Amino acid sequence: MALRTIRLQGDPVLEKRCREVTEITPKIRELIEDMKDTMYDANGVGLAGPQVGVLKRIVVIDVGEGPIVMVNPKIVETAGEQTGDEGCLSLPGKAGTVTRPNYVKARAYDENMQQYEIEGEELLARAICHELDHLEGHLYTELVEGKLRDVTYDDE
């Protein structure tokens with residue numbers, strides 16, 4: 001597959017609401033594979049369609065337990081609260097403190113348009129909320145408590 005260019009904060013595509021996917025076409029399958037490859041190449045935990053310039057309701061997430069593909073995802077339940085650092089591939093080198101639900105249940109379709117539910121706590125719950133915000137045209141910077149901080153990673 002191919003790596004896609006990750007759009008950075010300030011790109012208008014990141015501020016647009018995404019459209020639902022009505023069928024899984026060969027182009028959509030290719031997009032999903034490219035998104036996974038792009039996320040892994042960038043050492044990310046998640047990636048949403050608009051981050052690669054595609055206004056489709058598609059998200060890929062991997063918190064270390066293998067890739068999760070979410071097509072047309074919706075959060076159906078949340079509980080609790082967690083506050084912690086959050087970053088974004090569209091804002092490299094920055095992090096901020098964000099409060100999110102500690103538990104999330106979401107409903108989505110997989111790459112075969114089979115509906116499923118997923119439950120996540122802590123990092124997975126945070127990642128689901130973060131990526132689904134992208135589908136609505138929102139960045140985590142809208143939720144940051146205090147200021148963004150510069151961060152560096154060991155492998156840079």
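The text that follows walks through the structure, step by step, so that each part is easy to find. (Residues numbered from 1 in each chain as written. Predicted model: local features only at pLDDT ≥ 70, side-chain atom pairs only at ≥ 80, totals over all residues. Heavy atoms only, no water.)

1. Observations concerning the sheet that holds strand 5 (residues 94-100)
Two modes of strand pairing occur in sheets, parallel and antiparallel, and in both the strands are linked by backbone hydrogen bonds.
Phase 1: Pairing is antiparallel in the open sheet, where three strands are placed in the order 4-5-8. Only two strands of the sheet have a single neighbouring strand rather than two, namely strand 4 (82-86) and strand 8 (145-150). Pairwise comparison of adjacent strand axes, ignoring direction, gives a mean angle of 25° for this sheet.
Phase 2: Strands in contact with helix 2 (residues 123-135) are strand 4 and strand 5; relative to strand 4, the strand with the most contacts, it is inclined by about 65°. (Pairing = 2+ DSSP bridges. Helix = DSSP H or I, 4+ residues; strand = E, 2+ residues; numbered from the N terminus. Axes fitted to C-alpha atoms, helices over the stretch in contact; angles between N-to-C directions. Contact = heavy atoms within 4.5 Å.)

2. Considerations on helix 1 (residues 26-41)
Phase 1: Here helix 1 contains 16 residues, and its C-alpha end-to-end distance of 22 Å stays within 8% of the 22 Å for a straight helix at 1.5 Å per residue.
Phase 2: Considered for burial, the residues of helix 1 that qualify are Ile28, Leu31, Ile32, Asp34, Met35, Lys36, Thr38 and Met39.
Phase 3: Those residues of helix 1 that are buried lie in contact with strand 1 (46-48), strand 2 (58-61) and strand 3 (68-79).
Phase 4: Once helix 1 finishes, Asn43 follows within two positions and takes phi at roughly 55°, a positive value. (Expected span 1.5 Å × (residues − 1). Buried < 20%, exposed > 50% of the residue type's maximum accessible area, 1.4 Å probe, protein only.)

3. Thoughts on the pairing of strand 6 (residues 103-109)
For a regular strand, the rule is simple: side chains alternate between the two faces of the sheet.
Phase 1: With five of its seven residues buried, strand 6 lies for the most part within the structure.
Phase 2: As paired elements, strand 3 and strand 6 share six bridges and run antiparallel to each other. Within strand 6, the residue paired with Ala79 across the bridge is Tyr103.
Phase 3: Inspection of the sheet shows strand 6 paired to strand 7 (residues 115-121) by seven bridges, in the antiparallel sense. By the bridge assignment, Ala106 is partnered in strand 7 with Ile118.

4. A look at the state of the cysteines
Phase 1: Applying the stated criterion to the full structure yields zero disulfides.
Phase 2: Between Cys18, a free cysteine, and Cys88, which holds the nearest cysteine sulfur, the sulfur-to-sulfur gap is 13 Å.
Phase 3: We classify Cys18 as buried; its relative accessible area is 2%.
Phase 4: Here Cys129 stays free of any disulfide, with the sulfur of Cys88 as its closest cysteine sulfur at 14 Å. (Disulfide = S-S within 2.5 Å.)

5. Brief notes about the nonpolar core
Phase 1: In this structure, Val59, Ile61, Met70, Ile118 and Ile128 are the most contacted members of the largest nonpolar core, which totals 20 residues.
Phase 2: Broken down by secondary-structure element, the contributors of at least two residues to this core are strand 2, strand 3, strand 6 and helix 2.
Phase 3: No other element matches the seven residues that helix 2 contributes to this core.
Phase 4: Other than its neighbours up to four places away in sequence, Ile61 contacts Met39, Val45, Gly46, Gly66, Pro67, Ile68, Met70, Leu124, Ala127, Ile128 and Glu131.
Phase 5: Of all hydrophobic cores here, the second largest spans 16 residues; its members include Leu31, Met39, Val52 and Ile58. (Core = buried A, V, L, I, M, F, W, Y, C linked by side-chain atoms within 4.5 Å.)

6. Some remarks on the side chain of His130
Phase 1: Considering the arrangement of structural elements, one finds His130 in helix 2.
Phase 2: One polar contact links His130 to Glu86, side chain to side chain, over a distance of 2.7 Å.
Phase 3: Residues contacting His130, with those up to four places away along its chain left out, are Glu86, Gly87, Cys88, Arg100 and Tyr140. (Polar contact = N/O pair within 3.5 Å; in protein donor to acceptor, adjacent residues only side chain to side chain.)

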